[in-house]
Amino acid sequence: MRQIRALRVAAVAAGIALMATGCGATGKSSTGSESTGAAAGPITGLQIMVPNSPGGGYDTTARAAAKVLDDAKISTNTEVFNLAGAGGTVGLARIVNEKGNGDLAMLMGLGVVGASYTNKSESKLTGTTPLARLIEEPGAIMVGKDSPYKTIDDLVKAWKADPGSLAVGGGSSPGGPDHLLPMQLAGAVGIDATKVNYVAYDGGGDLLPAILGNKLGFAASGAGEYLKQIESGEVRVLATSGDKRLDGVDAPTLKESNIDLVFTNWRGVVAPPGISDKDKTALIAALEKMHGTDGWKEALKTHSWTDAFITGDQFKTFLTEQDKRVADVLTKLGLA
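Computed from a predicted model, the values in this text were never measured in an experiment.

Draft legend 1. Seen up close, the pattern of salt bridges. What the rule picks out here adds up to 7 salt bridges. In the salt-bridge network here, residues are joined through shared partners; they are E137, E225 and R267.

Written as structure tokens, this is what we have:
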């Protein structure tokens, strides 16, 4: 487990790889002859980079997508690899520096947007090639099975009594979803958020041991990353942050618990800057085909993800808006 930093911050009420050597996404070889173009067959040589540790939300989403792509013969031998560090900005720098590489994509989301500012990264997601937004999911307020908090009311009562005594864990850097959710929750229940102790972990894979080991007062993250532990009883969900309850998770929403807050996270896929129009078209087409498969529909159900599919220019506009919104929030917090 690697703890990145502990921060006390004020809440602001704001909404918020390996380099391929053979052929590009369209199957065009280095000699210029097309081997597996979009019309000729599946994509070959595709690598999906995960900018966090194994076991987190990005990792789970990337591996689910790769499996569906291969099972549906949309691509063959799709490789998923992890390049963790600095809230996802090590991977972000890699994708930006792989200019023109049509064999590489990165699974990312709101957390990388925030980390690009809080870690003072020179690379920004607006410098990538947006391909598709895949999913949305609500957050979950979670504790380990041995936690004294059995309900969200129990937790809020203890938290309000001594906010600084409860470490609040999340699998994203400040500005990411796991940070924004507890900060907005603090404001919603009347806690002075300058007293909140937020502890950032580099992805859900690093956060999980802290939850299981009761090293946190509570954790905020996507429930889909911990379904096995939730089902086994090792992790207890006190509340979820969506409009509706999560299927398969026996916990009320925050609104049901008389806490006026709804919050969702999102994940998507980007490619390096400067890829050819042909590679961009082929990659988006592959994701569109994946989105239409029964396998992807099953993945959405299995992981309690909400379908939020948009592509190309529409995703580019969304990403630009998210980048500006998060930058504005973090500037007000003094973190950007």
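Draft legend 2. Here's a closer look at the nonpolar core. Ranked by internal contacts, the top residues of the largest apolar core, which has 84 residues, are M108, L125, L134, I152, W159, M290 and W296. Among the elements that make up this core, the one with the highest residue count is helix α10 (residues 312-333) (8 residues). Excluding anything up to four places from it in sequence, W296 contacts T61, A64, A65, V68, L134, I135, M290, H291 and W305.

Draft legend 3. Summary view of the pairing of strand β3 (residues 47-50). Judged by which residues are buried, β3 turns out to be covered on both faces: Q47 and M49 on one side and I48 and V50 on the other are all buried. In this structure, β3 lies alongside strand β5 (residues 79-82), joined through 4 bridges in parallel fashion. Within β5, the residue paired with V50 across the bridge is N82. Of the strand pairs in this sheet, β3 and strand β6 (residues 104-109) are connected by 3 bridges, and their pairing is parallel. For Q47, the partnering residue across the bridge sits in β6 and is L104.

Draft legend 4. Spotlight on helix α4 (residues 152-161). I152, L155, V156 and W159 are the residues of α4 that are buried. The buried residues of α4 occupy an angular sector of 95° when projected down its axis, which confines them to one face. Among the exposed residues of α4, those oriented more than 90 degrees off its buried face are D153, K157 and A161. For α4, the secondary structure elements touched by its buried residues are β7 (129-144), β8 (167-170), α5 (177-188), β10 (218-222) and β11 (235-240).

Draft legend 5. Looking closely at the side chain of H303. Looking at the element boundaries, H303 is found in the loop between α9 (294-302) and β13 (306-311). Overall, H303 belongs to the buried group, its relative accessible area being 17%. When near neighbours in sequence (up to four residues on either side) are disregarded, H303 contacts T60, A64, G224 and L227.

Draft legend 6. The packing of aromatic side chains, seen in detail. Inspection of the entire model under this criterion finds 5 aromatic pairs. Plain terms: the ring middles of W159 and F218 are 5.0 Å apart, the flat faces sit at 80° to each other, and that makes the pair edge-to-face. With W159 in helix α4 and F218 in strand β10, the pair connects residues that are 59 residues apart, well separated along the chain. F218 matches W159 in its accessibility class, with the two residues each being buried. With a centroid separation of 6.3 Å and an interplanar angle of 85°, the aromatic rings of W266 and F315 are classed as edge-to-face. Placement of the pair is W266 in strand β12 (residues 264-271) and F315 in helix α10, with a sequence separation of 49 residues.

Draft legend 7. Quick peek at α5. The terminal C-alpha atoms of α5, which comprises 12 residues, lie 16 Å apart, in line with the 16 Å expected from a rise of 1.5 Å per residue. Most of α5 sits inside the fold, with 10 of its 12 residues counted as buried. The set of residues buried in α5 consists of P177, D178, H179, L180, L181, P182, M183, Q184, L185 and A186. Taken from the residues just after α5, G190 is the one with a positive phi, measuring 85°.

Draft legend 8. Representation of the packing of helix α1 (residues 57-71) against α9 within the structure. Relative to each other, α1 and α9 sit at 155°, their axes nearing to 9 Å. Between α1 and α9, the angle is such that the two are roughly antiparallel. Here α1 and α9 pass one another in a crossing that is right-handed. For the pair formed by α1 and α9, the contact residues are T61, A64, A65 and V68 on the first element and G295, W296 and A299 on the second. The residue makeup of the contact of α1 with α9, split by class, is 5 nonpolar, 2 polar and no charged.

Draft legend 9. Inspection of the side chain of S221 at higher detail. Position of S221 relative to the elements: it lies in strand β10. You can call S221 buried: its relative accessible area is 1%. Among the polar contacts listed, one links the side chain of S221 to the side chain of D178, at a separation of 3.0 Å. A polar atom in the side chain of S221 sits 3.5 Å from the side chain of E225. Once residues within four sequence positions are removed from consideration, S221 is found in contact with G139, A140, M142, D178, L207 and Y226.

Draft legend 10. The arrangement of the confidence of the model for the chain in detail. Averaged over all residues, the pLDDT of the chain equals 88, while 88% of them reach at least 70. Under a pLDDT of 50 for its full length, residues 1-23 has, in the predicted model, 82 contacts with residues more than four places off or in other chains. The low-confidence segment residues 28-39 (pLDDT under 50) makes 19 contacts with residues lying over four places distant or belonging to another chain.

Definitions and limits used
- Residues numbered from 1 in each chain as written.
- Predicted model: local features only at pLDDT ≥ 70, side-chain atom pairs only at ≥ 80, totals over all residues.
- Heavy atoms only, no water.
- Salt bridge = Lys/Arg side-chain N within 4 Å of Asp/Glu carboxyl O.
- Core = buried A, V, L, I, M, F, W, Y, C linked by side-chain atoms within 4.5 Å.
- Buried < 20%, exposed > 50% of the residue type's maximum accessible area, 1.4 Å probe, protein only.
- Helix = DSSP H or I, 4+ residues; strand = E, 2+ residues; numbered from the N terminus.
- Contact = heavy atoms within 4.5 Å.
- Pairing = 2+ DSSP bridges.
- Arc of directions from axis to C-beta.
- Phe/Tyr/Trp six-rings, centres within 6.5 Å; stacked < 30°, edge-to-face > 60°.
- Expected span 1.5 Å × (residues − 1).
- Axes fitted to C-alpha atoms, helices over the stretch in contact; angles between N-to-C directions.
- Parallel < 35°, antiparallel > 145°, perpendicular 65-115°, else oblique.
- Left-handed = near helix turned anticlockwise from the far one by under 90°.
- Nonpolar A, V, L, I, M, F, W, Y, C, P; charged D, E, K, R; others polar.
- Polar contact = N/O pair within 3.5 Å; in protein donor to acceptor, adjacent residues only side chain to side chain.
- pLDDT = per-residue confidence, 0-100.

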